[in-house]
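# Survey of secondary and tertiary structure
The primary structure of each chain is shown beneath.
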Amino acid sequence: MQGQPGYPVDPATGRPLPRVPSGLFPAGPPPRPTWREPHPITGSGVAMGGALAAAWLLLFGLLGRDMPSYAWWTAFAGAAAWLAAALLVRFGDRGVAAGIAIVTAGGWSIAAAVLAVRWATSGDWPLW
């Protein structure tokens, strides 16, 4: 043989067979199906998680009779909410988990601000 081998030829017609694309420029759909997320993040899921977390923090905050008990109840409720959000991220709806995490962080910030104002005005740490 001399030179380069020729293109494969169809024995019935004598014409060259079509070339197989290299894959650098895909010419069709992927050879396997694409993965779709079972619970995509939606705005309604985030809003629902935020509303539930706000109600949860409000109910636990109302259990406190004074500022220190309000701060402790809020810390406990926030920790429980974040645990639920962590489980939702792993096994459920990540949008609801994001809403819970956002509102819980806001609730903790409010409790920390109330605690800081009380501490600044009284000069005594109010939690113990």
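Figured I'd write up the structure that's included with this text. Bear in mind that the values here come from a model prediction, so they are computed numbers and not experimental data. (Residues numbered from 1 in each chain as written. Predicted model: local features only at pLDDT ≥ 70, side-chain atom pairs only at ≥ 80, totals over all residues. Heavy atoms only, no water.)

### A word on the overall build of the protein
Threshold: Helix numbers and strand numbers start at the N terminus; a helix is a DSSP run of H or I with at least 4 residues, a strand a run of E with at least 2. By the convention used here, residues are in contact when the closest approach between their heavy atoms is within 4.5 Å. Surface exposure here means Shrake-Rupley accessible area, sampled with a 1.4 Å probe, where a residue is shielded only by the protein chains that are shown.
Counting its regular elements, the protein contains three helices and zero strands. Element order for the protein, N to C, with α for helix and β for strand: α-α-α. Contacts spanning at least 24 positions in sequence make up 53% of the contacts within the protein whose residues lie at least 6 apart. Surface summary for the protein: the accessible area is close to 9,900 Å², and the carbon and sulfur share equals 69%.

### With respect to the packing of aromatic side chains
Keep this limit in mind: Aromatic pairs are defined between Phe, Tyr and Trp rings, using the six-membered ring for Trp, whenever the two ring centres lie within 6.5 Å; interplanar angles under 30 degrees are classed as stacked, those over 60 as edge-to-face, and all others as tilted. Relative accessibility thresholds used throughout: buried, under 20% of the residue-type maximum; exposed, over 50%; partly exposed, between the two (1.4 Å probe, protein chains only).
Tallied over the entire structure, the rule returns eight aromatic pairs. A ring pair is formed by tryptophan 119 and tryptophan 125, whose centres lie 4.7 Å apart and whose planes are at 80 degrees; its orientation type is edge-to-face. With a relative accessible area of 27%, tryptophan 125 lands in the partly exposed category. An aromatic cluster is built from Trp56, Phe60, Trp73 and Phe76, whose rings are joined through pairwise contacts.

### Describing the nonpolar core
One broad rule of soluble globular proteins: the nonpolar side chains tend to lie buried together. Put simply, the rule reads: For this analysis, a nonpolar core means a set of buried residues of the types Ala, Val, Leu, Ile, Met, Phe, Trp, Tyr and Cys, connected via side-chain atoms within 4.5 Å.
Of all hydrophobic cores here, the largest spans six residues; its members are Ala53, Ala81, Ala85, Val96, Ala97 and Ile100. Elements represented by at least two residues in this core include exactly α2 (67-91) and α3 (94-122). Sequence-distant contacts of valine 96, that is, excluding residues within four places in its chain, are made with Gly45, Val46, Gly49 and Leu88.

### Section: the environment of aspartate 10
In this structure, aspartate 10 sits in the segment before α1 (43-61). Leave out the neighbours within four places in its chain, and aspartate 10 touches Arg15 and Leu17.

### Side note on the side chain of threonine 104
For threonine 104, the position within the fold is in helix α3. Looking at threonine 104, the relative accessible area reads 0%, which means it is buried. When neighbours within four sequence positions are excluded, threonine 104 is seen to be in contact with Ala53, Leu57, Gly78, Ala81 and Trp82.

### Structural notes on the environment of glycine 64
Mapping glycine 64 onto the fold places it in the loop between α1 and α2. What glycine 64 contacts, discounting residues up to four positions off in sequence, is Ser69, Tyr70 and Trp73.

### Looking at a nonpolar patch on the surface
We count it as follows: Exposure above 30% relative accessible area and no salt bridge define the residues that can form patches, which grow by joining like charges within 9 Å and nonpolar side chains of Val, Leu, Ile, Met, Phe, Trp and Tyr within 5 Å. Salt bridge, as used here: a side-chain nitrogen of Lys or Arg that lies within 4 Å of a carboxyl oxygen of Asp or Glu.
Side chains of Leu63, Trp73 and Phe76 sit close together on the surface and give an oily, nonpolar patch of about 300 Å² of accessible area. When you line up the elements, phenylalanine 76 lands in helix α2. By relative accessible area, which is 47% here, phenylalanine 76 ends up partly exposed.

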